[in-house]
Amino acid sequence: MPDLNHPAATLPTQLDGFRVEIDATRERADIVLDRPPLNVVSMLAREQLRIAFEALDADERVRVIVVRGQGEHFSSGGDIKGFLAATPEKVSQLAWNIAAPARCSKPVIAAGRGYCFGVGFELSLACDFRLVTETTLYALPEQKLGQIPGSGGSARLQKMVGITRTKDIVMRSRRIPGRQAFDWGVATDCVPDAELEQATDALVDELRSFSPLAQRTAKKLLNDTEDSPLSIAIELEGHCYSRLRSSEDFREGVEAFHSKRKPNFIGR
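Since this is a predicted model, take the numbers as computed values, not measurements.

*Asks:* Even after reading the chapter, I still don't get the overall build of the chain, so can you show me in this structure?
*Replies:* Regarding its fold elements, the chain presents twelve helices and nine strands. If one aligns the C-alpha atoms of the chain with their principal axes, the spans along those axes are about 60 × 45 × 40 Å. Considering the chain as a whole, with its 268 residues, one finds that 44% of them fall into the buried category. Contacts spanning at least 24 positions in sequence make up 68% of the contacts within the chain whose residues lie at least 6 apart. Accessible surface computed for the chain: about 14,000 Å², of which carbon and sulfur atoms make up 55%. Charge-centre separation for the chain: the mean point of 35 positive side chains lies 2 Å from the mean point of 37 negative side chains.

Right, here's the structure in full:
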C-alpha cells in the first residue's frame, strides 16, 4: 500500500482488487492487479486506477510506473455484472479512466503473462511499453457478449496494426499470442515466461538512466503528434527540441558526453 503520509498519496485507503507498491530507492512504482485467480477489474477499480496514476504522476519519488498482475494472469477482463449495474454516466467514463497511463507524464510499462483480455488489454494498450511472454494471450472478447470494446481498445489497436488486423481481432474475438503480438508491433518485447520480472527490472533501470525532462517531453510529443500531419509533427518536434536546448539536463548530458562519464540528470 502507498505511504498515506506522503503528500502525493491521495488514493483511497481501500483499493478494489489492486495494490500500489512504491520503491523510492529505485524510483519505481508498481500497480499490481490482485484479485485472484484472474484479476478481474471491477467498475470501481477502473476509477481508482485513474486516481492511482494521477497520484503517482505527482509523486516525486517515482520515475517509472509498472502495471502487472499477481499470479499467472495479467487480467481476464472486467466484471461483466458491473456493466449492467453501472449508470450511463459511469459507463461514459470508462475510456477516460483506462486512458490514464497515456495521460501520465512518466513512462508506464505493462508487464503481462497469461490472460490479458478486455479491459486488461485496453489498459496495456494505453501504456508506453508492453512486455509479454510466450504464455501471454491478448484478446478483445466483447463480441461474445454482444458488445464492442469500450475503453479505447479497438481505436488504439487500429493505430498500431491497421484496420484489417484490428477487424480480425475485434470482430472474431481472436486471441493473439505474445510472440505474434510482438511480431505485429503491439508488444515491445517477448521474453521467456520466467524472465518477465528480470526484463521489467532492466527496462525500468534503463528508463531511469535518461533525463526525466526529456522523457516527459518525448512522451507528450509522440502522443500529441500521433494524428498530426508530418509537417505539423516536425514543427512541434522542433519547438520541443528548442526548449530542451536550454535545460540543465541537456547541458549535463553534453558535458558528460565530452567527459566520458555517466550523466547526472535532475529533471530540469
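Read on, since the account is not over.
*Asks:* Please explain the nonpolar core as it appears in this structure.
*Replies:* A general feature of soluble globular proteins is that nonpolar side chains tend to end up buried together. The biggest cluster of nonpolar side chains holds 43 residues, and the ones touching the most others in it are Phe18, Ile31 and Val186. Contributions of two or more residues to this core are made by strand E1 (18–23), strand E2 (28–33), helix H1 (43–58), strand E3 (64–69), strand E4 (108–112), helix H6 (119–125) and helix H7 (153–171). The element contributing the most residues to this core is H1, with seven residues. With ten residues, the next largest nonpolar core counts Leu131, Val191, Leu203 and Leu207 among its residues.

*Asks:* For this particular structure, what's the right way to read unusual backbone geometry?
*Replies:* Of all residues except glycine, most have a negative phi; of all peptide bonds, most are trans. Residue Pro36 is joined to Pro37 through a cis peptide bond whose omega torsion reads 5 degrees. Structurally, Pro37 can be placed in the loop between E2 and H1. Phi at Asn39 takes a positive value of approximately 55 degrees, unusual for a residue other than glycine. The residue Asn39 is located in the loop between E2 and H1 in this model. Owing to a relative accessible area of 1%, Asn39 belongs among the buried residues under this scheme.

*Asks:* I'm lost on the pairing of E1 in this one. Help?
*Replies:* A regular strand places its side chains so that they alternate between the two faces of the sheet. Taken together, the six bridges between E1 and E2 define a ladder with antiparallel strand orientation. If you follow Arg19 over to E2, its bridge partner there is Val32. Hairpin connection between E1 and E2: a loop of four residues separates the two successive antiparallel strands, and Glu27 in this loop has a positive phi of roughly 55 degrees.

*Asks:* Please clarify how the pattern of salt bridges should be interpreted in this entry.
*Replies:* Oppositely charged side chains may form a pair once their charged atoms are brought near each other. What the rule picks out here adds up to 23 salt bridges. With its nearest N and O atoms 2.7 Å apart, the salt bridge here joins Asp16 to Arg35. Of the two residues, Asp16 sits in the segment before E1 while Arg35 sits in the loop between E2 and H1, which places them 19 residues apart along the sequence. Looking at Arg35, the relative accessible area reads 25%, which means it is partly exposed. Salt-bridge contacts for Arg208 lead to Asp205; the nearest nitrogen and oxygen are separated by 3.2 Å. One end of the pair, Arg208, and the other, Asp205, are both in helix H9 (residues 196–208), three residues apart, so they sit about a helical turn from each other. Classification of Asp205 as partly exposed rests on a relative accessible area of 34%. Salt bridges linked by common partners bring Arg19, Glu21, Arg26, Glu27, Arg28, Asp30, Asp34, Arg68, Asp201, Asp205 and Arg208 together as one network.

*Asks:* Please clarify how the sheet that holds E2 should be interpreted in this entry.
*Replies:* The strands that make up a sheet are held in pairs by hydrogen bonds between backbone atoms, and each pair lies either parallel or antiparallel. Sheet architecture is open: six strands sit in the order E1-E2-E3-E4-E6-E9, paired in mixed fashion. Each having just a single partner strand, E1 and strand E9 (189–191) make up the two edges of the open sheet. The mean inter-strand angle of the sheet, taken between neighbouring strand axes irrespective of direction, is 20 degrees.

*Asks:* In this structure, what is going on with the sheet that holds strand E7 (residues 137–139)? I would like to understand it.
*Replies:* One open sheet accounts for three strands, arranged E5-E7-E8; its pairing is mixed. Two strands lie at the open edges of the sheet, namely strand E5 (115–117) and strand E8 (175–177), each paired on one side alone. Averaged over all neighbouring strand pairs, the angle between strand axes comes to 20 degrees, with direction disregarded. Here three bridges tie E7 to E8, and the two strands are oriented antiparallel to one another. Considered in E8, the bridge of Ala139 is made with Arg175.

*Asks:* When you look at the packing of aromatic side chains in this model, what are you seeing that I'm missing?
*Replies:* With the rule as written, the count across this model stands at two aromatic pairs. Residues Tyr115 and Phe117 carry aromatic rings whose centres are separated by 4.7 Å and whose planes lie at 20 degrees to one another, so their mutual orientation is stacked. Positioned above the aromatic ring of Trp96 is the side chain of Arg103, whose terminal nitrogen or guanidinium carbon lies 3.5 Å from the ring centre. If you follow Arg175 out to its NZ or CZ, it ends over the ring of Tyr115, 5.5 Å from the centre.

*Asks:* For this particular structure, what's the right way to read the environment of Phe182?
*Replies:* Within the secondary structure, Phe182 sits in helix H8 (residues 178–183). Judged by relative accessible area, Phe182 falls into the partly exposed class, the value being 30%. Sequence separation between Phe182 and Ile98 is 84 residues; the distance between their C-alpha atoms is 22 Å.

Scoring rules and cut-offs
- Residues numbered from 1 in each chain as written.
- Predicted model: local features only at pLDDT ≥ 70, side-chain atom pairs only at ≥ 80, totals over all residues.
- Heavy atoms only, no water.
- Helix = DSSP H or I, 4+ residues; strand = E, 2+ residues; numbered from the N terminus.
- Buried < 20%, exposed > 50% of the residue type's maximum accessible area, 1.4 Å probe, protein only.
- Contact = heavy atoms within 4.5 Å.
- Areas by Shrake-Rupley, 256 points an atom, 1.4 Å probe, with all protein chains shown as cover.
- Lys, Arg positive; Asp, Glu negative; His and termini not counted.
- Charge placed at Lys NZ, Arg CZ, Asp CG, Glu CD.
- Core = buried A, V, L, I, M, F, W, Y, C linked by side-chain atoms within 4.5 Å.
- Pairing = 2+ DSSP bridges.
- Salt bridge = Lys/Arg side-chain N within 4 Å of Asp/Glu carboxyl O.
- Axes fitted to C-alpha atoms, helices over the stretch in contact; angles between N-to-C directions.
- Phe/Tyr/Trp six-rings, centres within 6.5 Å; stacked < 30°, edge-to-face > 60°.
- Lys NZ or Arg CZ within 6 Å of the ring centre and 35° of its normal.

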